[in-house]
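Structural overview for review
Residues per chain, in single letters:
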Amino acid sequence: MSAVVNSKARPWSLSSLWRNAFVRRLLRAPAAAVALAVLVLLVLSAVFAPWLAQTNPYDLASLDLLDSHLPPAFVAGGDPRYVLGTDSQGADLASLILYGLRSSLLVGVCAVSLSVTLGTIAGLASGYLGRWVDGVIMRIADIQFTFPAMLLALLIGGISQSLMSNAMRATLAMPIVILALGISHWPHFARLVRGAVLVERQKDYVAAARLVGRGPIFIMGMQLLPNVLNPIFVLATLDIAFAIMSEATLSFLGFGMPSTQPSLGTLIRIGYGYLFSGEWWVVIFPGLTLVLILVSINIFGDWLRDMLDPRLR
Amino acid sequence: MLAFLLNRLFHALLVVFVVSVLAFILGDVVGDPVASILGLDATPADRLALRTRLHLDEPAVLRYLYYVQNLLHGDLGVSYAAQRPVSALLAERIPATVELAAVALTLSLAIGVPLGVYAAVKRRQMLANALMTLSVLGVSLPTFVVGILLIFCFSLRLGWLPSFGRGEVVTIGFWTTGFLTASGLKSLIMPALSLAIGQIALVARLSRAEMLNVLKSDYIRFARARGLKNRAVYFSHALRNTLIPIITVSGIQLGYLVAFAVVVEQVFQWPGMGLLFLQALGQTDLPVISAFLMVAALFFVGINLVVDLLYAVADPRLRIKTLSARS
């Protein structure tokens, strides 16, 4: 019981916003509300893709080559069974996009989780322990900051895939993409968390915890971490857009998700080859889906940032 | 001041050292140069001779030193795929990438800064807010999607612009330029635009934020109190201080442009360094990959050094801030 009272008394602005004003403020910003609605819709359709999609594009037995290269249903020559048309194998493009969205979101969320975890641990250690730990971690982060994150992800993903045999590449592609994206972006979180920890560690509650004999691990994990969650949350939201965009870029260049498990970027890469023979739909529709999800994450993330932490502007 | 510069110089050398070790490991330890140069049916004696000539029988630290020595002499090894010196391959490709990035940088500053300043000055007007909402779209558009949409509209539908390549180029000394021919300029439009769109949006958002910050400061209020006209306040007082961070950020912008040029070069089959790197990745052409790594590191370290110097020269307050933030 006391724990419940305690958690309510804690001035954690994310939960208090949610209880008091989150919905009200969201309705006052129509662009953000629409973005959130689109986002929820896209995430739900990605999660339930196996039930929503009318065909399973990976089930080769269900594909009919006679249905291949069909334009969208609303264009002359289209087939009403395939709303967005079909690809060169005769797979339903709408189903492909749903499954591709699923891969894109999965990789994006996993990559951000990885960079949040790495960055938070590094930032906590760097900010609280200080001295040489801080020096080493921040120097590594600095070295990484010399390169644009996208290029770094391409270097890690591309070089490791290029050193592998084709069979290895097919099985390891997804973990490699997640690793490449996660590693390329952890310094952003490390810097953010370190800055917040440097402020928090001055406060009395940290001194009190130290006085009663709490170790550094406990103080970092149980006391500092909950107090630096807000900025992490905001950056993570915006970072998912970065991760999805980088994943799509890597896949478009051929060093991301393989064609056996295509993401939106892979679909665009494959479709791009058919653009010049007039089959615009196989590349334009996945591209628009990608833009739609990135725009809605960015609009919602910007709004969330202004709401939770105006200092981050 | 001196301590700051020495710190940055040390950092630059550290980055170059770390990347050179990585590039060395990649080219030397992972690949087997003897097999790739001589092929599989070489005699053992030939192999041994080549091993000695390439110093392969010596310890790794010494081999690294030889590698650095070659690097300093501009010798980046021989491409497996093209069977030509990597430095020659790079020299051929550099002009295309530099021209593309330079045009995109010019576009992003020439369009982004005025848009941002306008949005800051007229921040209560509909058009200014619409521009800022539009900038979110600009930031969210992946480079390759922009390129594909442009090709779809202007090459396939309208047939106005070529969809790939650099067009005709003119060779001046070691440099090839597409600026001097009509087809070269026409080929440049879409790649430069798809590279620039995201950056235009970023520059516009940055200039708006900086301008808003400056407009809040005391000396602007004082200038208004003196009865200066809006135009004088905005252009001779506010804009000048807004430009300092924008100039330094444009250095970082250039870095991003070069990174994303890899993507644009793939979309438009633009014969630059990025395309060379992607082809090398596809063929596991290790000398080219490790050379690209090295050149990219030198390039980014150089940009960062120049940006740090500009910071230090342009605004003494920033110099003190950077110092205290780092210590």
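Basis of the calculations
- Residues numbered from 1 in each chain as written.
- Chains lettered and ligands numbered in written order.
- Predicted model: local features only at pLDDT ≥ 70, side-chain atom pairs only at ≥ 80, totals over all residues.
- Heavy atoms only, no water.
- Helix = DSSP H or I, 4+ residues; strand = E, 2+ residues; numbered from the N terminus.
- Buried < 20%, exposed > 50% of the residue type's maximum accessible area, 1.4 Å probe, protein only.
- Contact = heavy atoms within 4.5 Å.
- Areas by Shrake-Rupley, 256 points an atom, 1.4 Å probe, with all protein chains shown as cover.
- Polar contact = N/O pair within 3.5 Å; in protein donor to acceptor, adjacent residues only side chain to side chain.
- Expected span 1.5 Å × (residues − 1).
- Bend = angle between axes of the 7 residues up to and from the residue.
- pLDDT = per-residue confidence, 0-100.
- UniProt positions renumbered as here; feature names shortened; annotations may be inferred.
- Salt bridge = Lys/Arg side-chain N within 4 Å of Asp/Glu carboxyl O.
- Nonpolar A, V, L, I, M, F, W, Y, C, P; charged D, E, K, R; others polar.
- Core = buried A, V, L, I, M, F, W, Y, C linked by side-chain atoms within 4.5 Å.
- Axes fitted to C-alpha atoms, helices over the stretch in contact; angles between N-to-C directions.
- Left-handed = near helix turned anticlockwise from the far one by under 90°.
- Phe/Tyr/Trp six-rings, centres within 6.5 Å; stacked < 30°, edge-to-face > 60°.
- Parallel < 35°, antiparallel > 145°, perpendicular 65-115°, else oblique.
- Patch = residues over 30% accessible without salt bridge, like charges linked within 9 Å, V, L, I, M, F, W, Y side chains within 5 Å.
- Lys, Arg positive; Asp, Glu negative; His and termini not counted.
- Charge placed at Lys NZ, Arg CZ, Asp CG, Glu CD.

Looking only at helices and strands, one finds 13 helices and 2 strands in chain B. Residues classed as buried in chain B amount to 43% of the 327 residues present. Within chain B, contacts between residues separated by at least 24 positions form 69% of all contacts whose residues are at least 6 apart in sequence. Total accessible area on chain B is roughly 16,400 Å²; 68% of this is exposed by carbon and sulfur atoms.

A word on the overall build of chain A. Of regular secondary structure, chain A possesses 14 helices and 0 strands. For chain A, the N- to C-terminal ordering of α and β elements is α-α-α-α-α-α-α-α-α-α-α-α-α-α. Counting every position in chain A, which comprises 313 residues, the buried fraction comes to 53%. Approximately 14,400 Å² of chain A is accessible, and the part contributed by carbon and sulfur atoms is 68%.

A few words on the environment of Glu265(B). Residues and elements named next belong to chain B. Counting through the fold element by element, Glu265 comes out in helix 10 (residues 230-267). Residues within four places of Glu265 in sequence aside, it is in contact with Thr97, Leu100, Trp270, Gly272, Met273, Gly274 and Leu275. Looking at Glu265, its side chain comes within polar contact range of the side chain of Thr97, at 2.8 Å.

Taking 1.5 Å as the rise per residue, helix 5 (residues 86-121) of chain B with 36 residues should run 52 Å; its terminal C-alpha atoms sit 51 Å apart, in good agreement. Along helix 5 of chain B, the sharpest change in direction is near 35° and occurs at Arg93(B); proline Pro95(B) comes one to four residues later.

Here the focus is the confidence of the model for chain A. Residue and element names in this part refer to chain A. The pLDDT averaged across chain A works out to 78; a share of 83% of its residues lies at or above 70. Across chain A, the secondary-structure element scoring lowest on mean pLDDT is helix 1 (residues 2-9), at 42, and the one scoring highest is helix 6 (residues 93-129), at 87. Across residues 1-10, where pLDDT falls below 50, the model places 1 contact with residues more than four positions away in sequence or in other chains.

A positive phi angle, close to 45°, is found at Gln269(B), a residue other than glycine. Looking at the secondary structure, you find Gln269(B) in the loop between helix 10 and helix 11 (273-283).

Next up on the list: the UniProt feature "transmembrane region" (unreviewed entry) in chain A. Residues and elements named next belong to chain A. UniProt marks residues 29-53, 105-129, 141-160, 172-193, 232-255 and 280-304 with the feature "transmembrane region" (unreviewed entry), using the numbering shown here. The annotated region residues 141-160 carries 85% helix and 0% strand content, and the separation between its end C-alpha atoms amounts to 21 Å. Here residues 232-255 runs as 92% helix and 0% strand, with 29 Å between its end C-alpha atoms.

One frequent convention defines the size of an interface as the accessible area lost when the parts assemble. The interface of chain B with chain A comprises 49 residues on the first partner and 36 residues on the second. Where chain B packs against chain A, one counts 2 salt bridges. When the shortest N-O distance is used, the salt bridge between Asp302(A) and Arg205(B) registers 2.9 Å. Where chain B meets chain A, there are 7 residue pairs in polar contact (both at pLDDT 80 or more). Counting residues per element, the ones that place at least two in the side of chain B that touches chain A are helix 1 (2-30), helix 6 (126-140), helix 7 (143-157), helix 10, helix 11 and helix 12 (286-314) of chain B. Residue contributions to the side of chain B that touches chain A peak at 10 residues, all from helix 1 of chain B. Among the residues making up the side of chain B that touches chain A, the classes are represented as 36 nonpolar, 9 polar and 4 charged.

Counting 133 residues, the largest nonpolar core has Leu290(A), Phe144(B) and Ile148(B) as its most contacted members. A per-element tally of this core places helix 14 (residues 281-308) of chain A first, with 16 residues. Those residues in contact with Phe144(B), other than ones at most four positions away along the chain, are Ala248(A), Thr249(A), Phe252(A), Ile268(A), Leu290(A), Val263(B) and Val267(B). Counting residues in each nonpolar core, the second largest holds 15 residues, with Val113(B), Val117(B), Leu212(B) and Ile220(B) among its members.

Annotation from UniProt places "transmembrane region" (unreviewed entry) at residues 12-31, 100-121, 133-158, 243-268 and 288-314 of chain B. Overall, residues 133-158 of chain B shows 88% helix and 0% strand. The separation of its end C-alpha atoms is 29 Å.

Listed under "domain: ABC transmembrane type-1" (unreviewed entry) in the UniProt record, and renumbered for this structure, are residues 101-301 of chain A. End-to-end, the C-alpha atoms of residues 101-301 of chain A are 19 Å apart, and along that stretch the chain is 85% helix and 0% strand.

Glancing now at the packing of helix 5 of chain B against helix 8 (residues 182-215) of chain B. Residues and elements named next belong to chain B. Packing of helix 5 against helix 8 brings their axes to within 6 Å, and their N-to-C directions diverge by 35°. With respect to the hand of their crossing, helix 5 and helix 8 are arranged in right-handed fashion. Taken together, the residues of the contact of helix 5 with helix 8 break down into 25 nonpolar, 5 polar and 1 charged.

All names here are of chain B. All chains considered together, the criterion is met by 9 aromatic pairs over all chains. Residues Phe17 and Tyr64 carry aromatic rings whose centres are separated by 6.2 Å and whose planes lie at 90° to one another, so their mutual orientation is edge-to-face. Of this pair, Phe17 sits in helix 1 while Tyr64 is found in helix 4 (residues 60-72), placing the two residues 47 residues apart along the sequence. A relative accessible area of 46% means that Phe17 is categorised as partly exposed. Here Tyr64 falls in the buried class, since its relative accessible area comes to 14%.

Turning our attention to the packing of helix 6 of chain A against helix 7 (residues 131-145) of chain A. All names here are of chain A. Put simply, helix 6 and helix 7 touch, their axes get as near as 7 Å, and they point 140° apart. By the angle class used here, helix 6 and helix 7 are oblique. As for how helix 6 packs across helix 7, the hand of that crossing is left-handed. The residues of helix 7 that touch helix 6, namely those facing Ala122, Ala125, Ser126 and Leu129, are Arg131, Val133, Asp134, Ile137 and Met138.

Residue and element names in this part refer to chain A. Positionally, Ser104 belongs in helix 6. The exposure class of Ser104 is buried, given its relative accessible area of 1%. When near neighbours in sequence (up to four residues on either side) are disregarded, Ser104 contacts Ile244, Glu247, Ser263 and Leu264.

Moving on: a nonpolar patch on the surface. Judged by side-chain polarity, Val40(A), Val43(A), Leu44(A), Val47(A), Phe48(A), Trp51(A) and Leu52(A) come together as a nonpolar surface patch covering roughly 690 Å² of accessible area. Ranked by the residues each element gives to the nonpolar patch, the list is headed by helix 4 (residues 30-47) of chain A, at 4 residues.

There is a patch of like positive charges on the surface, built from Arg123(B), Arg124(B), Lys216(B) and Arg224(B). By secondary structure assignment, the location of Arg224(B) is in helix 9 (residues 218-225).

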